[in-house]
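# Structural overview
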Protein chains: 2
Amino acid sequence: MIYLDNFAVGQVSRYGRYLVTREEVLAFATAYDPQPFHLDDAAAAANPIFGRLSASGWHSCAMTMRMTVDHWRTLGGASLGSPGIEQLSFVAPVYPGDVLTVENEVLSLRPLASRPDRGVVHSRTRTLNQHGEPILQFLAATFWPRRQPG
Amino acid sequence: MIYLDNFAVGQVSRYGRYLVTREEVLAFATAYDPQPFHLDDAAAAANPIFGRLSASGWHSCAMTMRMTVDHWRTLGGASLGSPGIEQLSFVAPVYPGDVLTVENEVLSLRPLASRPDRGVVHSRTRTLNQHGEPILQFLAATFWPRRQPG
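Quick caveat: nothing in here was measured; it's all calculated off a predicted structure. (Residues numbered from 1 in each chain as written. Chains lettered and ligands numbered in written order. Predicted model: local features only at pLDDT ≥ 70, side-chain atom pairs only at ≥ 80, totals over all residues.)

## Considerations on the relation of the copies chain B and chain A
When chain B is fitted onto chain A, the two copies agree to an RMSD of 0.0 Å after a turn of 180 degrees and an axial shift of 0.0 Å. Here the two chains are linked by the operation of a two-fold rotation axis. Every residue of chain B has its C-alpha some distance from the rotation axis, and the shortest such distance is that of Glu86(B), at 2.7 Å. (Least-squares fit on C-alpha atoms with pLDDT ≥ 70 in both.)

## Some remarks on the nonpolar core
Ranked by internal contacts, the top residues of the largest apolar core, which has 54 residues, are Trp58(A), Cys61(A), Ala62(A), Trp58(B), Cys61(B) and Ala62(B). In this view, Cys61(B) contacts Trp58(A), Cys61(A) and Leu136(B); residues no more than four positions away in its chain are not counted. If you look at the next biggest cluster of nonpolar residues, it comprises five residues, including Leu4(B), Leu80(B), Leu109(B) and Trp144(B). (Core = buried A, V, L, I, M, F, W, Y, C linked by C-beta atoms within 7 Å. Buried ≥ 20, exposed ≤ 12 C-beta atoms within 10 Å, placed from the backbone. Contact = placed C-beta atoms within 7 Å.)

## Focus on the sheet that holds strand β5 (residues 134–145) of chain B
The strand order β1(A)-β3(A)-β4(A)-β5(A)-β2(A)-β2(B)-β5(B)-β4(B)-β3(B)-β1(B) describes an open sheet built from ten strands, whose pairing is antiparallel. Among the strands making up the open sheet, the edge pair consists of β1 (12–19) of chain A together with β1 (12–19) of chain B. Taken over all neighbouring pairs, the strand axes of this sheet differ in orientation by 20 degrees on average, direction set aside. In this sheet, strand β3 (residues 99–111) of chain A lies alongside β1(A) in antiparallel orientation, the contact comprising six bridges. (Pairing = 2+ DSSP bridges. Helix = DSSP H or I, 4+ residues; strand = E, 2+ residues; numbered from the N terminus. Axes fitted to C-alpha atoms, helices over the stretch in contact; angles between N-to-C directions.)

## Some remarks on the packing of helix α4 (residues 57–74) of chain A against helix α4 (residues 57–74) of chain B
Where α4(A) contacts α4(B), the two axes come as close as 10 Å, and the packing angle between them is 165 degrees. Classified by the angle between their axes, α4(A) and α4(B) sit roughly antiparallel to one another. Crossing of α4(A) over α4(B) shows left-handed handedness. Contacts from Trp58(A), Cys61(A), Ala62(A) and Met65(A) in α4(A) reach Trp58(B), Cys61(B), Ala62(B) and Met65(B) in α4(B). Considering only residue class, the contact of α4(A) with α4(B) consists of eight nonpolar, no polar and no charged. (Parallel < 35°, antiparallel > 145°, perpendicular 65-115°, else oblique. Left-handed = near helix turned anticlockwise from the far one by under 90°. Nonpolar A, V, L, I, M, F, W, Y, C, P; charged D, E, K, R; others polar.)

## Thoughts on the pairing of strand β3 (residues 99–111) of chain B
Residues and elements named next belong to chain B. As paired elements, β3 and strand β4 (residues 118–128) share ten bridges and run antiparallel to each other. Paired with Thr-101 across the bridge in β4 is Leu-128. Between β3 and the antiparallel strand that follows it, β4, lie six residues.

Structure below.
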């Protein structure tokens, strides 16, 4: 298990190595974000922002989540879920062939007054490409059990 | 094409009908959010928040995007992309068998000073289940071309 007690303000974790394939970009976009610039090379080239075929922003979130869940599994557990996300920013396009990694910093944590068996951690997640450039950033709240309920 | 000029502050659009299947919940979670409560009935029953197998919050975002893109297609176009999302809130669990719809309200819009060929629309998206209960809410910024660049 991972407990609220395992987190500390200022803690920075770096994890993940996710190769973005063209096949996966097309499959995700076909299912969930079938805008032409996520599906078609010519349409992407005509888009003034993307320039070439790029992943859906929601796909970048999903890939970031997968790396995060895999990281939690190496620590022996999973969260209790999340109430939400703030300041989600699609900083730069994600292209097929990119290799993504994640950097997470704990900003604050506290027990929940309403539920003494759990607490909430607020953290900043940045997802970077192989050039070290951020492509995605957000602040997440995540629920965790407490080792000793207050 | 859909242009910035096609939006108006206060405009409300309701669209979409997305049946959430157990197979899709499991497939998305397996790929992107393999936490036990998104994959396994017993683990979900033990989770104090979910109670039973539920969709990843990122999956709810993705399904909402699909309904939104389909709506834009009925209007004849697509956006130019999005810089980001604010106040993304996973309001209630999404369960297999749920049927989702979307309600979108335009909050503000403006041409971009830096790019006279486009503008940005800020809107509130609420995704509802078949009981009319919100399951997801967020504020999105979306770029659109201008019919007559300023």
